[in-house]
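Report on the structure
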Amino acid sequence: MDPLRLATVWMGGCAGCHMSFLDLDEFLIDLAPKVELVFSPVVDAKEYPEGVDLVLIEGAVCNEEHVEMAHKIRRRTKTVVAFGDCAVTGNVTAMRNQLGLGNAENVLQRAYIELADSTGRIPKLKGIVPELLEHVMPLQEVIHVDYYLPGCPPPADRIKALVGALLAGQTPKLEGKDIKFG
Amino acid sequence: MCAKTLTIDGNEVSAADDATILDAATEAGIKIPTLCHLEGVYDIGACRLCLVEAVGIPKLLPACTTKVVEGMNVRTDTERIRKYRRINLELLFAERNHVCSVCVSNNHCELQTLAYNHGMDHVRYDYLFPKWAVDTTHPRYGMDHNRCILCTRCVRVCWHVEGAGTLNTAGRGARSQIIADLIQPWGEADSCTSCGKCVMACPTGALFQRGATVGEMEHDREKLEFIITAREKKQWIP
Amino acid sequence: MVLNDLIQIKERELASRKKYVLRCCMAAGCMSSNAQSLKDELEKAVAAAGLKDEVEVRGVGCLKLCCQGPLVQADPAEILYERVKPEDAAAIVAALKGGQAKVSQGDLNHPFFTRQMSIVLANSGIVDPERIDSYIAADGYLALRNALREMEPKEVTDTIVRSGLRGRGGAGFPTGLKWGTVAKSTGTKKYVICNADEGDPGAFMDRSVLESDPHAVLEGMALAAYAVGADQGYIYVRAEYPLAISRLQTAIKQAKQYGLLGSGVFESPFNLTIDLRLGAGAFVCGEETALMASVEGKRGTPRPRPPFPAEKGLWNCPTLINNVETFANVPAIVRNGAEWFAGIGTEKSKGTKVFALAGKIKNTGLIEVPMGTKLRDIVEDMGGGAPDGGTIKAVQTGGPSGGCIPAGSLDTPVDYESLSKLGSIMGSGGMIVMDQATDMVDVARFFMEFCMDESCGKCVPCRAGTAQMHHLLSKIVARKATAEDLAKLEELCDMVKHTSLCGLGQTAPNPVMSTLRFFRGEYTERLQPDTLGRPGTESAVPAGSRAT
Ligand SMILES: Cc1cc2nc3c(=O)[nH]c(=O)nc-3n(C[C@H](O)[C@H](O)[C@H](O)COP(=O)(O)O)c2cc1C
Ligand code: SF4
Ligand code: SF4
Ligand code: SF4
Ligand code: FES
């Protein structure tokens, strides 16, 4: 059997979910012969490839690049997993939505001017710095999601349960103790 | 007092004459999900999570406020009820700002637990992201409206167990909120005795001890039950 | 006060009637277009013409064709003057004895008037609501005297049972059955409440009854109190109805002076005190359990029923609660007999119903028609159809708890069962006509917004569900929704309807469900294709098996 083409993507999140993924420890070694990691923050691929079997997406959808990326991923991927609370609920990343419309500007002001040293400046360079969206969205508001793996971050054993089941060709079913927000 | 017999999920169950369906089910070890119910204070039937079906009755019945009827045949876990419960929970999560990862009650939250038990791995509705404040004017406790589900347990213990009458509900619809005295900052509410019963009663992270950080807020329900048992039954059972 | 006193008052009142009467509408609609100064001018003009002995200028309640106010009716010539200005006073007085006043005249032979049948509004526009003698002259308080002196309480209840009267507050519960339950409930203290909260947007039937004929409501309540054994009554009326409140206060005062309220009414052992309680205008306070909480001085939120008010109501005592119009029917029923009333209307819906006709229609105003009248007759004949040659698209009944009836079903008779078969309800009597230009999704959103704002916030399905449904409807209106959003909306309708605590939440989805039933196309044409991207067909791992 061909190895499963696996990707992991980091959008509007803190990378914690990826850390948790790396916490899979020896399971990663079990995984190695069965999967080919075709795209990930931990591998050196610049362009999201075609024909991906499974992707774990960390983070909420916060800027225009994320939207574009999400659609590209959906087109090129068979199974999409919303990976962690930010992707599933918006989580901390989406807290700026409570500020109402115009929150993107507020957030930039706070981060780059108020909290900066004397030379604060909002980074704005067309084509280089993606524009923030008015409203941060969980992944399922942008693309179809096949599976949800909540948790902040999702503990390694639950990642293992989900990825393991998928590798075995089973439909994972999360319930009760397998679900965990925060 | 005569007892009544009824069937709950296929089990023959007996119950005291004035028992509710919830009492009868609990006694028989059948778990019906609840949020606004709090043992020891009167029920208000507000959260609608405890709705059950009864054969021959077209309406769904709130188990916490419906008295048992001889021979009634109750079903607590049908497909339809499970669906309604899940929607109910999703509505609660979408209604205010529940960010479990930074919540004082993370892992000790009745809302979370119910969501897990009902397989809620995500919310299908758009989050509404309303703007709500956090009141930290009280020297010992805090109130975060973002996490309040308006179960009014705090109000009921405040009035009917402590007898202080500090907390109340104000406003209509989704803009309803728990208030202290005459919509004052909690710290300025003179009637508050700082007894902390409301904090013990709260099912979520809306009421918390100041200084508690993420996941540290455990609502001391046993202590509350101890007080209520002592008051109502004059029994000092720790 | 005994029977003879009543008869004397009536005779005195009739004897003092003058040859000519100018009846000036003093109900809220006409009052808001300057009816008071019109009445003052008419009085001056009568004095100036030296006709004070021959002409009575009488302030009366609603003359019904509210859209043409201020209205003045001249008798005995039976001329209805419309849009009368204070300057017209002299001309109208001059025309009393023949001749024409250059003032626009309404057609009293128009179906708008001729097809009406007045029971509840029988005195409206005829008696002076601020003078009890005027009511007594129209046989007022006769029913109460006969009941107190000649009937057992049970006979009064039986009369109401046999009349087939059903509650006019919305749900249509059989009134006699309710009275019987309260009468049978044990308790030393019982209450009677008149629900005058009237919160439906656009509805003004109860207001009109209170402003036009307050004594009829008092008499109806007194009969009810006698039948069920209550000695304290409350009228819960919204503070936004100052005119109704002041007329009720006047009426209560006058009735007390005559010994028609208070202790030993009609020199019988029956006592009754009636007090007003003012509502602050929350729609939900019209719901009976919320209303009672409000009367008790608590926050007006509903509580689960059972126990029903008939067993445990105000301060846990058995309580009878009926709508204004329900009570207003009672004196006529007791006076004329149950069979008379039961002979009007349809098999299951007896008597008449008052509607506030509004929206895209020529004649707007207050109408009272026998139950079973076809919607088409009301809208096309009486209402005169859509203005400016437009076509009628739908008729909305029942306000935020009701539904839209499409033009194709206009031949539906107006009765409780027929309307509910079409997914609407009789409601309290709001009737809004919509023409071709009306956007039905927007209508649904409007009512949902109303319910969302008026939800008391107690139970989750209604509080959070209406907010989410409103959000989805707004997305549809803005053409930002997909088929999946519509499916979510429909699922929520079902859930909110079946799990909410009180009638507000249980009926909040009705306007959506009804417009979806008859105008689904207006929803679907706005839907956008889904851009979420569905997963590919073959897959090495199980995919897409879950619904989002
Ligand atoms: C949200 C809500 C609002 C209501 N508003 C009114 C109202 O304004 N007037 C009224 O008479 N009944 C209203 N009702 C109905 C009352 O609860 C009650 O059924 C009625 O007053 C009974 O009187 P009836 O039997 O004479 O109709 C309302 C019900 C609900 C659920
Ligand atoms: S109250 Fe419960 S559900 Fe809400 S954020 Fe806190 S832990 Fe999560
Ligand atoms: S503060 Fe807590 S106990 Fe009080 S209503 Fe809100 S969730 Fe319930
Ligand atoms: S259905 Fe609405 S109005 Fe009625 S109790 Fe629930 S929240 Fe309040
Ligand atoms: S526990 Fe019964 S309605 Fe909340």
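Keep in mind that this is a model prediction, so the values were computed, not measured.

**A look at the packing of helix H11 (residues 214-228) of chain C against helix H14 (residues 324-336) of chain C**
Residue and element names in this part refer to chain C. Packing of H11 against H14 brings their axes to within 7 Å, and their N-to-C directions diverge by 75°. Relative to H14, the element H11 is oriented roughly perpendicular. Across the interface between the two elements, Ala 216, Val 217, Glu 219, Gly 220, Met 221, Leu 223 and Ala 224 from H11 touch Val 324, Phe 327, Ala 328, Val 330, Pro 331 and Val 334 from H14. When its residues are assigned to classes, the contact of H11 with H14 shows eleven nonpolar, one polar and one charged.

**Let's talk about the packing of aromatic side chains**
Per the stated rule, a full pass over the model turns up 14 aromatic pairs over all chains. Taken together, a centroid distance of 6.2 Å and an interplanar angle of 20° make the contact between A:Phe181 and B:Tyr116 stacked. Of this pair, A:Phe181 sits in the segment after helix H6 (156-167) while B:Tyr116 sits in helix H3 (residues 110-117), which puts the two residues in different chains. Accessibility expressed as a relative area gives 10% for B:Tyr116, which makes it buried. Considering the side-chain rings of C:Tyr135 and C:Tyr141, the 5.3 Å spacing of their centres and the 85° angle between planes classify their relative orientation as edge-to-face.

**Looking at the pairing of strand S3 (residues 52-58) of chain A**
All names here are of chain A. Of all seven residues in S3, seven are buried; the element is thus mostly enclosed. Summarising the sheet, strand S1 (residues 4-10) and S3 pair through five bridges and their orientation is parallel. Across the sheet, residue Thr 8 finds its bridge partner in S3, namely Leu 56. When S3 meets strand S5 (residues 77-83), the two strands line up parallel, connected through six bridges. Considered in S5, the bridge of Leu 54 is made with Thr 79.

**Some words on the side chain of C:Glu82**
Among the secondary structure elements, C:Glu82 is positioned in the loop between strand S4 (79-81) and helix H4 (89-94). As a buried residue without a salt bridge, C:Glu82 has its nearest oppositely charged side chain in C:Arg83, at a separation of 5.5 Å.

**Points about the interface of chain A and chain B**
A common way to report how large an interface is uses the accessible area buried once the components associate. Counting residues at the interface gives 23 residues for chain A and 22 residues for chain B. Between chain A and chain B lies a buried interface of about 1,900 Å² when both sides are counted; carbon and sulfur atoms form 62% of it. Contact with chain B buries area across many residues of chain A, yet A:Gln98, A:Ile179 and A:Phe181 alone supply 32% of it, more than any other trio. Viewed at the interface, chain B and chain A are joined by zero salt bridges.

**Details of the layout of surface pockets**
There is about 1,000 Å³ of room inside the second largest pocket. Lining the second largest pocket are 34 residues; nearest its centre among them are A:Met137, A:Glu141, B:Asp126, C:His471 and C:Lys475. When residues of the lining of the second largest pocket are traced back to their parent elements, those giving at least two are strand S6 (132-137) of chain A together with helix H19 (460-477) and helix H20 (483-499) of chain C. The class makeup of the residues in the lining of the second largest pocket is twelve nonpolar, eleven polar and eleven charged.

**Regarding helix H13 (residues 288-295) of chain C**
Along an α-helix, residues three or four positions apart point the same way, because every turn accommodates 3.6 residues. Residues and elements named next belong to chain C. The element H13 is extensively covered by neighbouring structure, given that eight of its eight residues are classed as buried. All buried positions along H13 are accounted for by Glu 288, Thr 289, Ala 290, Leu 291, Met 292, Ala 293, Ser 294 and Val 295. Check the buried side of H13 and you find it contacts helix H9 (175-184), strand S6 (191-196), strand S7 (232-238), strand S8 (273-279) and strand S9 (319-323). Looking one or two places after H13, you find Gly 297, whose phi comes out positive at around 90°.

Calculation rules
- For every chain, the first residue of its written sequence is number 1, and the numbers climb from 1 along that sequence.
- Labels are handed out in written order, letters beginning with A for the chains and numbers beginning with 1 for the ligands.
- A pLDDT threshold of at least 70 governs which residues receive local features in this predicted model, and a stricter bar of 80 or more applies before side-chain atom pairs are shown or counted, although totals over entire chains, interfaces and linings include all residues.
- Excluded from the side-chain calculation are hydrogens and water; included are all heavy atoms of the structure.
- Axis definition: a line fitted to C-alpha atoms, limited for helices to the stretch in contact. Angles are taken between N-to-C directions and run from 0 to 180 degrees.
- Per the convention used, a helix needs a DSSP run of H or I reaching at least four residues, while a strand needs a run of E reaching at least two, with both numbered from the N terminus.
- Working definition: roughly parallel below 35 degrees, roughly antiparallel above 145 degrees, roughly perpendicular at 65 to 115 degrees, and oblique for all remaining angles.
- It only takes one pair of heavy atoms within 4.5 Å for two residues to be counted as in contact.
- Residue classes follow a fixed rule: Ala, Val, Leu, Ile, Met, Phe, Trp, Tyr, Cys and Pro count as nonpolar, while Asp, Glu, Lys and Arg count as charged, and any other residue, Gly among them, counts as polar.
- Planes of paired rings set the category: under 30 degrees apart is stacked, over 60 is edge-to-face and the rest tilted, where pairs are Phe, Tyr or Trp rings (Trp by its six-membered ring) whose centres lie within 6.5 Å.
- Type-normalised accessible area, obtained with a 1.4 Å probe on protein chains alone, sets the label of each residue: buried when under 20%, exposed when over 50%, and partly exposed for intermediate values.
- Think of it this way: DSSP has to see at least two bridges between two strands before they count as a pair.
- In this count, Lys and Arg are taken as positive residues and Asp and Glu as negative ones, while His and the chain termini are left out.
- When a carboxyl oxygen of Asp or Glu is within 4 Å of a side-chain nitrogen of Lys or Arg, the pair counts as a salt bridge.
- Summed over both partners, the accessible area lost on bringing two parts together, with a 1.4 Å probe, is the buried area.
- A cavity here means a set of 1 Å grid points, computed over protein atoms only, where a 1.4 Å probe fits but cannot escape. A pocket is an open set with protein on both sides within 12 Å along at least 5 of 7 lines, and lining residues have an atom within 4 Å of a point.
- Grid points are joined across faces, edges and corners, and a volume is the space filled by probe spheres set on the points.

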